[in-house]
Amino acid sequence: MNWKPRIIAFFCKWCAGSAAELAGVSRLEYSSNIIPIIIPCTGRISPRHIVEAFLNGADGVLIGGCHIPNDCHYLSGNFKAFKRTYLLKKLFEQIGLEPSRVRIEWISATESKKLVRVVNEFVEEIKKMGPLSGKGD
Amino acid sequence: MENEEVRVGVFICHCGRNIAGVIDIKKLVEEVRKIPGVVYVEDYVYMCSEPGQKKIIDAIKRENLNRVVVAACTPSMHYETFARAVETGGLNRFLYEMATIREFSSWVHYREREDATEKAFKLISSTVAKVKGNKAYEPVKGRVVKKVLVIGGGIAGITAALDIASAGIPVVLVEKTPSIGGKMAMLSETFPTLDCAQCILTPKMAEVARNPGIKLYTLSEVIDVEGFVGNYRVRILKYPRKVDPSKCTVCSFCERVCPVKVPSEFNRGLSFRKAIYIPFPQAIPSSYAIDVEHCTKCSACVKVCPVGAINLDEQEEIVEEEVGAIIVATGYDLYQGLKLREYGYGKYRNVIDSLQFERLLSSSGPTGGEIIRPSDGKPVKTIVFIQCAGQRDVNHLPYCSKICCMYTAKHVLLFKERVPDGNAYVFYIDIRAGGKGYEEFVKRIQDETGAVYIRGRVSRVYEDSSGKLVVEGVDTLSGENIIVKTDLVVLALGMVPTLPPDLASKLKIPIDENGFAQEVHPKLRPVEVATSGVFIAGVIQGPKDISETVVQASASASKALQLVVKGEIEKNPLIAEVNRDVCNGCRICVSICPYNAIEMIEGKARVNEILCEGCGACEASCPVGAITLRNYSDSQLIEMIKTALR
Amino acid sequence: MNKMKLAIVYGAICGGCDVALANWGERLIDISNKYDIIYWNAAVDAKNDLLESVREIDIGIYMGIIRTDYHLELIKTLREKTRILVAYGTCSVYGDIPGLSALIKSSRLLNDIKNTVTTTHYSEENISSSISLPRLLDSVYTVIQVVNPDIIVPGCPPSEESNDELINILLKIEPGYKPGGVIVLGEDRSLCYICPRKPEDFHRIVMPGIYRLHEVKLDERKCFLEQGVICLGPATRAACKTPCIKNNFPCTGCMGPAPGVEDTGLKLISSISSILLVDREKELLEKGLAKQLDKIVDPMGLFYRYTLPVSLVKKISEKERFGK
């Protein structure tokens, strides 16, 4: 199959983004199907961004933020990301989009190995799910 | 800037072989040239080097670039380096971004060269999409008033005030009781050194009084705080002392003739004071005060005062102060012993709390340092200490107050020194003695004083017909029930923070479920709270002993000084801003901002430039897109997403 | 003579917008003094062939959603021949209730009907060949998705104020006039702007949970969000005078999205979940917050009740993706 999954990853610069940098420094390999977009805080992400990713060709969206409850550099952005994503995934269930195409993970700045594991796992999952297709029945 | 044609320059670094060894630079340059808006592309072996930076500087000038993308390592490494180069080239630093093609591509996809190159291209093109939407900004400068307010005149407040004043910054110290000194002034000796508390405290209190940089308001409370970091406007309510401290000589004639007797707060009800009183002899200010609630205005004191210091007509006064930073050190009180009904506190006069015991021990206390029963004045031969009274208990306080094991051991030692033939019993659950020398201190006392340490809880305390207290408990190590008949029972009650809720809400200090102020981070920012410019010290943050309190007070003083000493603060200008034409006043952004940086002005939201930290949670929650995070707007993010997926 | 021509055309309607027009009451006389109402199924005896034969129409008012191929034909014809096209009512502009079938293929709808109707034997053979029924389109569409209207009147039905405004516009229009851009009736603001429950001291909203109307004793002066009741006012156009709010009922979004809202549901999902229990996040953690969010059992029906066909999520669901 020639299809390569395309995944957008929103990483907050303080935690998951730093973990991605550390993964680079440690030369840990992971799937190249994932394009990171670094944002100040996962609280910056709104459901619109996730939907735009899917509308423009993404097969999966990964959100990497700081651990709940205390790690968020901006105190509570990760809670906002969690709540918004949770409710969005409920909507996705209703519209026939597999909710597991959106994954939100808490990855601290030192957890580069976790980042690599999550990325590779997620890419495999998306490969199994196949490219995004509407299921409006 | 709006209508200007965007001219993006992209500079691709080889980073030696780090990038060039994996990524096909030639192909990358070719593809990047095709990106709409990119007018210039250059690659070089080490872009961060002097010659590399010069290429950027020259290109900006020569090619009239108004946006720059440097594709290299991460911003954590060289953001500043290239920012300065860009500025030297005459371009505002916020019109430049970095694309991390090293850590995010060449270093992690080193076996997939084609994919790595493609990914590098996507990283660069999405960064170009972002930078096109960037605008130029200057750092935000805010004025800072070079003065600090300290709320609370206990050992924490005193320490902070002295530290700050010695750095040359004026301090306003506000204390709600008639004298500074706090709970430490009530103590007899302090563990583990057994220093006399008054001896180490009163010199500091005197320094506060003498220091021209410290303005002391006693019998005063902060009733209103307005403003924000660097510019707080504070209103202080001064209750009328009715005695002029500058005239009072502490001769005590007034006290002798006052007809009103009231339980003494300083002695925690173990003795009486008059309506005109001095809390303790070493009080600062060194002056009497009138208890307005109980004074009958008989004027007997006025008639005998040799210096005419008393004015019964003095009224409340409100003063205003402008400060740049606030340190809150409001301290604690003990948990209400009355709630422990099974222990008979409040019912039996010989069941007392640890602070009351300190007053009994103190040579300037109500009994002159003699340990006698409050009920009948008879000497105490047997004493029972109950640790963890109303603490570590789901029915009362869930937490541990940390200091009780240490001060109980201290109490045991001091008791045995004065009553060598006395019997001391300690009911405990654990012994927590974690500080330097603390374990040795407790061990010595356990070994040398003959005190009986019983591991178990007390279920009941009651008085028998002979007036002796009966303590019923259990020894969990032997499994037996224990009954001790004793003269005195001392309860180690928990420390409860006394931060007034409305002060906390005015200062926007987050409170945890036990009433303690919540620090931003216990390790990274232990004395700061979410509100910029407000710091905490002492038990307000959590139970702790005096040395930890002093450390924290100095830490807060240091933080406050960092803020005010330069007289101005500079902030990253990439904050949120509101388009008032679109805002409908729904208050959703105001409600979620973690820094309370958004307020409503004339029905619409407005972001405080100094308080906003630039997280962008507001833009994501605005229902109509009225608030945007500078250089990180929704439209930019959506462009980045689209470009990354092309 | 030479009155201007006005036609009122239906898509798939419930009749409410028709009643709203009938409620113009005596002002219909003013309208009919200026316009020749050439087509209005409820009031005028004209047949379909009139729409086909007429060459020019000055004002065309379309209400209802585009559900069948016939509706599609109607709106296209109307747009072609009409100088000023008015999309009247939320069905025609954003989809409204019939828009909720936007994600369901018409084949499945017909199947559902076939499988649930138990009365008669269903057979295509019994239908006379001289009658042709309109076919359901594969999905529902709104006027703005098919043509460019000149005036948009949101509302389910449009409010008294919007109706008055439309009547005034119609009475002022001169022959040959064509508005330069799209006119949307109602304020360019969200409901919060005019909400009587907005507190004067602008204190923060703390949403204490998610509650249905019957689960909480409502305070009639307090913002619904502050009581845990979901109100779509923050993202809904202020094209009414908040009759629902005044009658102790939260806004359900019938006036469609406020300016700045490209997708009502996505915006509200973000806004509502952001303020939910914002003061107890660290106490409740993911589990506690999820528990409250689980009380929203039908996010699509709640947040997209009136706007599903024009939403972005509909686009994903239909495998339509830009650039592909």
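For clarity, every value in this text was computed on a predicted model and none was experimentally measured.

Participant: Help me out: how do you make sense of the interface of chain B and chain A in this one?
Facilitator: Accessible area lost during the coming together of the parts is what is often quoted as the interface size. Contacts between the two partners involve 42 residues from chain B and, on the opposite side, 42 residues from chain A. Carbon and sulfur atoms make up 63% of the area that chain B and chain A hide from each other, which totals about 3600 Å². For the chain B face of the interface with chain A, the top three residues by lost area are Phe104(B), Ile641(B) and Leu645(B), together amounting to 19%. Put simply, chain B and chain A have four salt bridges between them. On inspection of chain B and its partner chain A, the count reaches 17 residue pairs in polar contact (both at pLDDT 80 or more). For the side of chain B that touches chain A, the elements supplying multiple residues, two or more each, are helix 4 (102-106), helix 5 (113-132), helix 16 (617-621) and helix 17 (634-644) of chain B. Element by element, the count of residues in the side of chain B that touches chain A is highest for helix 17 of chain B, at seven residues.

Participant: Can you help me understand the domain arrangement of chain B in this one?
Facilitator: By domain assignment, chain B separates into domain 1 (8-138), domain 2 (148-239 + 316-331 + 502-564), domain 3 (241-315), domain 4 (333-496) and domain 5 (575-629). In this structure, domain 1 of chain B and domain 4 of chain B have C-alpha centres spaced 70 Å apart.

Participant: How do you make sense of the interface of chain B and chain C when you look at a structure like this?
Facilitator: Between chain B and chain C, the contact holds 24 residues from the first and 24 residues from the second. A combined buried area of about 1900 Å² lies between chain B and chain C, and 52% of that area is made up of carbon and sulfur atoms. Ranking the residues of chain B by area buried against chain C places Asn584(B), Arg587(B) and Ser591(B) at the top, with a combined share of 35%. For the pair chain B and chain C, the interface holds one salt bridge. Close ionic contact of Glu226(C) with Arg587(B) constitutes a salt bridge, the shortest N to O distance being 2.9 Å.

Participant: Before we go on, may I ask you to explain the sheet that holds strand 1 (residues 7-12) of chain A in this structure?
Facilitator: Strand pairing in a sheet relies on backbone hydrogen bonds. The paired strands run either parallel or antiparallel. Residue and element names in this part refer to chain A. If you walk across this open sheet you meet the four strands as 2-1-3-4, and the pairing is parallel. Because the sheet does not close on itself, it has two edges, and the strands there are strand 2 (34-39) and strand 4 (102-106). On average, each strand axis in the sheet is inclined to that of its neighbour by 20°, with strand direction left out of account. Bridge count between strand 1 and strand 2: six bridges; the pairing is parallel. Looking across to strand 2, one finds that Ala9 is bridged to Pro36. Across the sheet, helix 3 (residues 77-95) lies against strand 3 (60-65) and strand 4, angled at about 160° from strand 4, the strand it touches most. Contacts from helix 4 (residues 112-129) reach strand 1, strand 2, strand 3 and strand 4 within the one sheet, and its direction differs from that of strand 4 by about 170°.

Participant: Whenever I open this one, the state of the cysteines confuses me. Can you help?
Facilitator: Joining two cysteines, a disulfide is a covalent bond between their sulfur atoms. All names here are of chain A. A full pass over the atoms with the stated rule returns two disulfides over all chains. Each sulfur in the disulfide pair Cys15 and Cys66 lies 2.2 Å from the other. When the S-S torsion is 105°, as for the bridge of Cys15 with Cys66, the disulfide is right-handed. Here Cys15, found in the loop between strand 1 and helix 1 (16-25), pairs with Cys66, found in the loop between strand 3 and helix 3; they are 51 residues apart in sequence, far enough to count as distant. Comparing Cys15 with Cys66, the two get one shared label, buried.

Participant: What am I meant to see in the pairing of strand 32 (residues 598-601) of chain B here?
Facilitator: On a regular strand, each side chain points to the face opposite its neighbour's, so the side chains alternate between the two faces of the sheet. Residues and elements named next belong to chain B. What you see with strand 32 is a clean split: Ile598 and Met600 sit on the buried side and Glu599 and Ile601 on the side with no burial. As paired strands, strand 32 and strand 33 (residues 604-607) are joined by four bridges and run antiparallel to one another. Across the sheet, the residue bridging to Glu599 is Arg606, located in strand 33. Linking strand 32 to strand 33, which pair antiparallel, is a turn of two residues; within it Glu602 sits at a positive phi near 50°.

Participant: Honestly, the packing of aromatic side chains in this entry has me stumped. Any pointers?
Facilitator: Geometry of an aromatic ring pair is reported as the spacing of the ring centres plus the angle between the planes. All names here are of chain B. In total, this model carries 10 aromatic pairs over all chains according to the counting rule given. Between Phe11 and Tyr40, the ring centres sit 6.0 Å apart and the planes meet at 55°, which makes this aromatic pair tilted. Residue Phe11 is located in strand 1 (residues 8-13), and its partner Tyr40 is located in strand 2 (residues 38-44); the two are separated by 29 residues in the primary sequence. In this structure, Phe11 and Tyr40 share a single accessibility class: buried.

Conventions we followed
- Residues numbered from 1 in each chain as written.
- Chains lettered and ligands numbered in written order.
- Predicted model: local features only at pLDDT ≥ 70, side-chain atom pairs only at ≥ 80, totals over all residues.
- Heavy atoms only, no water.
- Contact = heavy atoms within 4.5 Å.
- Buried area = accessible area lost by both parts, 1.4 Å probe.
- Salt bridge = Lys/Arg side-chain N within 4 Å of Asp/Glu carboxyl O.
- Polar contact = N/O pair within 3.5 Å; in protein donor to acceptor, adjacent residues only side chain to side chain.
- Helix = DSSP H or I, 4+ residues; strand = E, 2+ residues; numbered from the N terminus.
- Domains from an automatic or database assignment.
- Pairing = 2+ DSSP bridges.
- Axes fitted to C-alpha atoms, helices over the stretch in contact; angles between N-to-C directions.
- Disulfide = S-S within 2.5 Å.
- Buried < 20%, exposed > 50% of the residue type's maximum accessible area, 1.4 Å probe, protein only.
- Phe/Tyr/Trp six-rings, centres within 6.5 Å; stacked < 30°, edge-to-face > 60°.

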